[in-house]
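# Results of the structural survey
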Amino acid sequence: MDTSDTTPSRRKFLQQTGLAGAGLALAAPLQLFANTNETTTNQIMYDMTKNIKTRGYAAKDNSGKLSPWEFERRAVGDNDILIDIKYASICHSDIHQMKGDWGKQPYPQVPGHEIAGIVAAVGKNVTKFKVGDRAGVGCMVDSCMTCESCTHGEEHFCDHGATVNTYGSPDKTSPSGITQGGYATNIVVRDHFAVHIPAHISLQEAAPLLCAGITTYSPLVNANFKIGDKVGVAGIGGLGHLAVKLAVSKGAEVYAFTTSADKVKDILGFGAKEVIVVDDAAKFKPYKKKLDYMISTIPAQFDLASYASVVKPGGHFTQVGMPVGFELTLNNLGLASTRVNFNASLIGGIPQTQEVVHYCADNKIVPQIQIIKASEINDTWVKVLNKQARYRYVIDAATF
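Residues numbered from 1 in each chain as written. Predicted model: local features only at pLDDT ≥ 70, side-chain atom pairs only at ≥ 80, totals over all residues. Heavy atoms only, no water.

## Some points on the overall build of the protein
Helix and strand counts for the protein come out as eleven helices and 21 strands. For the protein, the residues scored as buried account for 52% of the 400 residues in total. Considering only contacts in the protein between residues 6 or more positions apart, those separated by 24 or more positions represent 67%. In the structure as shown, the protein presents an accessible area of about 17900 Å², 52% of it carried by carbon and sulfur atoms. (Helix = DSSP H or I, 4+ residues; strand = E, 2+ residues; numbered from the N terminus. Buried < 20%, exposed > 50% of the residue type's maximum accessible area, 1.4 Å probe, protein only. Contact = heavy atoms within 4.5 Å. Areas by Shrake-Rupley, 256 points an atom, 1.4 Å probe, with all protein chains shown as cover.)

## Remarks on the pattern of salt bridges
What the rule picks out here adds up to eleven salt bridges. Here K130 makes a salt bridge to D133, at a shortest N to O gap of 2.9 Å. Of the residues examined, K130 reaches a relative accessible area of 55% and is grouped as exposed. You can call D133 buried: its relative accessible area is 13%. In this structure, D229 engages K226 in a salt bridge whose closest nitrogen and oxygen atoms are separated by 3.9 Å. Judged by its relative accessible area of 12%, D229 is buried. Salt bridges sharing partners connect three or more residues here, namely R74, D80 and D171. (Salt bridge = Lys/Arg side-chain N within 4 Å of Asp/Glu carboxyl O.)

## Some points on a positive patch on the surface
On the surface, K285, K288, K289 and R339 cluster together into a positively charged patch. Mapping K289 onto the fold places it in the loop between strand 16 (274–277) and strand 17 (291–296). (Patch = residues over 30% accessible without salt bridge, like charges linked within 9 Å, V, L, I, M, F, W, Y side chains within 5 Å. Lys, Arg positive; Asp, Glu negative; His and termini not counted. Charge placed at Lys NZ, Arg CZ, Asp CG, Glu CD.)

## Overview of the nonpolar core
The biggest cluster of nonpolar side chains holds 90 residues, and the ones touching the most others in it are I81, Y183, L220 and I377. Both domains that furnish three or more residues to this core are identified here as domain 1 (52–211 + 349–399) and domain 2 (213–344). What L220 contacts, discounting residues up to four positions off in sequence, is F225, V231, A243, L246, A247, Y293 and I295. One finds V278, Y287, M294 and I298 within the second-largest nonpolar core, a separate group that totals 19 residues. (Core = buried A, V, L, I, M, F, W, Y, C linked by side-chain atoms within 4.5 Å. Domains from an automatic or database assignment.)

## Here's the deal with unusual backbone geometry
With the exception of glycine, the majority of residues adopt a negative phi angle, and the majority of peptide bonds are in the trans configuration. The peptide bond linking Y107 to P108 adopts the cis configuration, its omega dihedral lying at -5°. Secondary-structure assignment places P108 in the loop between helix 2 (92–98) and strand 8 (115–122). In the segment running from R390 into Y391, the intervening peptide bond is cis, with an omega of 0°. Even without being glycine, M145 reaches a positive phi, approximately 65°.

## Let's talk about the environment of K312
Topologically, K312 is positioned in strand 18 (residues 311–319). Distance in space between the C-alpha atoms of K312 and T338 is 7.9 Å, their sequence separation being 26 residues. Excluding residues that lie within four positions of it along the chain, K312 makes contacts with K289, K290, L291, D292 and V340. One polar contact links K312 to D292, side chain to side chain, over a distance of 3.0 Å. (Polar contact = N/O pair within 3.5 Å; in protein donor to acceptor, adjacent residues only side chain to side chain.)

Take a look at the structure:
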């Protein structure tokens, strides 16, 4: 019989390790589990009283160039979760903001608000998530949580103006003084502002839904168009191609307007009935007053009145693309002559963001993506600006 466990030295070792294990189990600040990827796990001990070290890519100035940066997130608070980021996708908004197109920026600043990963630690008050859950973060990470808008699922319209954007917002809890985004290895976020990612959609395909998906889904749902209605989508990039897929899934007859002739085959494959290559203003004439609704994702100045002319009088035109300076120059007479109702839309609240993720997973509506390494970010930004994206670039966070 093996009696090694009964020797004095062996007993002493077991007693010591047993006490140490009990101490860890009782120590509230410690979380013992973290994922290295979706299918394998390592045991990692987090001291929840200390800042979380991370590394990512940051803009150091308005040049539009990013470089590696090691920094810290705040310690995981009682209502926070720590997410090991697996994928973060590139939005045109990242480029606009880092270049200062929307106003002067604080640097260094890490962009990225289409984030998907695995929960690695949770605060003591968190019940929405547990360690090992798949989670995503979109365009906001906090708000007042007490006003009418916040308590009714419209946190992005916080009545107190307390919405905190995922990157670049003043943040007293951040060691850098501002929120830092998802081009990084991890993120600490208030649990309310993360959404569950179901198992029947990949993390890399889910990431773009956290901005591009909700930004197009929200106005399309609010438009209340009927099955068979003619819906126009202007600008077929990261947002626009999802708008086409979503509108088709809701039963619309979709007309896509693009300036890129080489996208026609793709767009038809997304389910559009027709694709109009806008290389001349005359291209709008055959469609004048034909559509019931139009959504524009164009993130630059454009002839809005010409696009609106294809919508029936009394119909609605929604602008979601954000140009330089947030300003669109409108021909008021041209727009007035269309008799079209013009409006704009932001993203959506957390409940609707969760809704679009589940809707897309359930209906197999996924973005067309290209996976890149962190070292390719700068070259990829140039491709986005040159309209070469097909259709959402997604960064593998393991390469940071």
